[in-house]
Amino acid sequence: MPSDARRPAIPPAARLSANRGRDRLIRSPGCRANSTNPDNRSECKTMSLPNIEILDTDGAIRDAEAAVAGDTRSAFFRKAAVGGGAVLSSGAIMAMLPDLAMARKSTKQDIEILNFAYTLELLEAAFYEEAIRKADLSGDDLKLTRLLRSHEATHVSALKATIRQFGGKPISPPKFDFRGTTSDRKKFIDTAYVLENTGVSAYLGQATRIKSDALLAAAASIVTIEARHAAAIAVLRGSSPFNESDNSVTPDGAFDRARSMKRILKALDQTNFIKGF
Amino acid sequence: MSLPNIETLDIDGAIREAELAVAGDTRASFFRKAAVGGGAVLGSGAILGMLPTLAHAAPSAKQDIAILNYALTLEYLEAAFYDGAIKSGNLKGEVKQFTQLVLKHENIHVKALKATIKALNGKAVAEPKFNFKGTNTNPAKFVATSLVLENTGVHAYLGQVTRIQNPAILKAAGAILTTEARHAAAIAAVIGKSPFRDGTKTSVTPDGAFDVPFSMKRVLKAVGKTGFIK
């Protein structure tokens, strides 16, 4: 929609707060909660946001890693193909309906979803950028990582422009600390794998909440790329491109899993990659 | 040779209605015009208006069934293709293992789609008869064809996401769509091709950052050209 400077100000887009132990607040850019200047304090408006429980460890990442560790790609294929594997009952797809909240769609929510995607893409772009500098990659590893980085950078600028196009405000890019995962090839690849799969689940989790058809189409066109990323990294890693056990609805990888924004943000919190804004 | 056409999928005439009902502007092209006319700054690389605009009419339960049958047809094709490949006994090693797993997925997709159509009181299309003309029994042809088929599946699902009315179906379509993308990327990697290109010239945007939706018409035309459906 074309923006119009005379429309009433749209509330600031959702932001992630790095404040531990506090309710998640959304602060306008000019907010200085402790300022002695009343004008700065008055800038602090709050909106409701799903509460993020803060956990102490990187448990989620570790759990996901442990689930795939030790399987070479072909060993995985063999096991998965030969093993029983769940055959879906006839109600499998329709059974997904109950857990879909009948939430009201809105442009405001679309902007929040866009900023959510924007945050994830910013993180991935920064992660790959840093790995290229630090992880001493070469050959196929480096080639793929450069390509992944360029995709995420494209997603970042496209999402940022789209947020504005919707009349929203892109969040300020966070500061990241990747805690050594970008300086070691193995840690890098393991983390990249989890990040990409998280991205797939994150986008899938938003599909039924999006109001704008054009945005839905765009999100779909991105999520498939993230799935390709995940598969490509899995191949590099020597693990299965399909069955990341935390990710699939069925153990055999026939359906990817959607995750709520709350759950994704929680997982993000657990990485401690986001230092602040 | 009878080619698949819209009528074979369109049990309730829903698709035909949808195509006739399309008029004038698609939503995305409207945005483009409105944005330009309204003087808004789009910013470089905004997503809206970047992707091909696919015309469609209002979602409906009937259309959902037609879309499910469309997906079912493609899944039948993939499952039969992979099944024939395994049965030929000509696949070896990693390609064979990949195929066994992907076949399992496609069979699950077939079952799930049929069950969904039934749950919605629709009529599932019957499995077509296929002739893969040796493309699934010759290992080199097999992997190349598999790459195209899987990517076609991605384009096909992408082309339908905005047409689906029932959110449960949309969620399921999303869950299948990304799995097909993983298939495509995996087979590409196994044969040393880019996971972001589909073996043809035009389908993924040049830098590979966005997958491209294809209309049902375009996909059916492409499938028809293969001659796989007898």
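Residues numbered from 1 in each chain as written. Chains lettered and ligands numbered in written order. Predicted model: local features only at pLDDT ≥ 70, side-chain atom pairs only at ≥ 80, totals over all residues. Heavy atoms only, no water.

(A) Fine view of the overall build of chain B. Each helix and strand in chain B was counted, giving 8 helices and 0 strands. Secondary structure elements of chain B, listed N to C terminal, follow the sequence α-α-α-α-α-α-α-α. Per-residue burial for chain B yields a buried fraction of 56% across its 230 residues. Considering only contacts in chain B between residues 6 or more positions apart, those separated by 24 or more positions represent 81%. (Helix = DSSP H or I, 4+ residues; strand = E, 2+ residues; numbered from the N terminus. Buried < 20%, exposed > 50% of the residue type's maximum accessible area, 1.4 Å probe, protein only. Contact = heavy atoms within 4.5 Å.)

(B) Structural view of the overall build of chain A. Check the secondary structure of chain A and you find 8 helices and 2 strands. For chain A, the succession of helices and strands along the chain, N to C, is α-α-α-α-α-β-α-α-α-β. Looking at chain A residue by residue over its 277 residues, the buried ones come to 53%. Pairs at least 24 apart in sequence give 76% of the contacts found in chain A among residues at least 6 apart. For chain A, the accessible surface area stands at approximately 12300 Å², while carbon and sulfur atoms represent 51% of it. (Areas by Shrake-Rupley, 256 points an atom, 1.4 Å probe, with all protein chains shown as cover.)

(C) Representation of the environment of Ser157 of chain A. Looking at the element boundaries, Ser157 of chain A is found in helix α5 (residues 139-165). Ser157 of chain A sits 49 residues away from Gln206 of chain A along the chain, and the two C-alpha atoms are 20 Å apart.

(D) Structural context of the packing of helix α4 (residues 107-134) of chain A against helix α8 (residues 261-271) of chain A. Residues and elements named next belong to chain A. α8 packs onto α4 with a crossing angle of 30° between their chain directions and a minimal axis gap of 12 Å. If you check the angle between α4 and α8, you find them roughly parallel. Crossing handedness for the pair α4 and α8: left-handed. Where α4 abuts α8, its residues Glu112, Ile113, Phe116, Leu120 and Leu123 lie against Met261, Ile264, Leu265 and Leu268. The residue inventory of the contact of α4 with α8, partitioned by class, reads 8 nonpolar, no polar and 1 charged. (Axes fitted to C-alpha atoms, helices over the stretch in contact; angles between N-to-C directions. Parallel < 35°, antiparallel > 145°, perpendicular 65-115°, else oblique. Left-handed = near helix turned anticlockwise from the far one by under 90°. Nonpolar A, V, L, I, M, F, W, Y, C, P; charged D, E, K, R; others polar.)

(E) A look at the nonpolar core. Residues Phe188 and Ile233 of chain A together with Leu77 and Phe142 of chain B are the most contacted members of the largest nonpolar core, which totals 116 residues. Residues in contact with Phe142 of chain B, not counting those within four places in the same chain, are Phe81, Tyr82, Ala85, Leu91, Val95, Thr99, Thr135 and Asn136 of chain B. (Core = buried A, V, L, I, M, F, W, Y, C linked by side-chain atoms within 4.5 Å.)

(F) Structural context of the side chain of Thr119 of chain A. Relative to the helices and strands, Thr119 of chain A is located in helix α4. Of the polar contacts made by the side chain of Thr119 of chain A, one reaches the backbone oxygen of Asn115 of chain A; its length is 2.8 Å. (Polar contact = N/O pair within 3.5 Å; in protein donor to acceptor, adjacent residues only side chain to side chain.)

(G) The arrangement of the confidence of the model for chain B in detail. Residues and elements named next belong to chain B. Residue-level pLDDT values for chain B average 79, and 71% of them are 70 or greater. At the level of individual helices and strands, chain B shows its lowest average pLDDT in helix α3 (residues 27-38), which scores 36, and its highest in helix α4 (residues 61-88), which scores 96. Contacts from residues 1-8, a stretch scored under 50 in pLDDT, to residues over four places away or in other chains number 14 contacts. Among the scores for the predicted complex, ipTM is 0.79 and pTM is 0.73. (pLDDT = per-residue confidence, 0-100.)

(H) Inspection of the packing of aromatic side chains at higher detail. Overall, the coordinates contain 12 aromatic pairs over all chains when judged by the stated rule. Between Phe127 of chain A and Phe178 of chain A, the aromatic rings sit 5.3 Å apart at their centres with planes inclined by 70°, giving edge-to-face as the arrangement. Placement of the pair is Phe127 of chain A in helix α4 and Phe178 of chain A in the loop between β1 (175-176) and α6 (185-206), with a sequence separation of 51 residues. Of the two residues, Phe127 of chain A and Phe178 of chain A, neither departs from the other in class, the shared state being buried. Taken together through their ring pairs, the aromatic side chains of Phe127, Tyr128, Phe176, Phe178, Phe188 and Phe273 of chain A make up a single cluster. The residue whose ring lies beneath Arg218 of chain B is Phe214 of chain B, and the NZ or CZ to ring-centre distance is 3.7 Å. (Phe/Tyr/Trp six-rings, centres within 6.5 Å; stacked < 30°, edge-to-face > 60°. Lys NZ or Arg CZ within 6 Å of the ring centre and 35° of its normal.)

(I) Representation of unusual backbone geometry. The backbone of Arg179 of chain A shows a phi angle near 50°, a positive value even though the residue is not glycine. Within the fold, Arg179 of chain A resides in the loop between β1 and α6.

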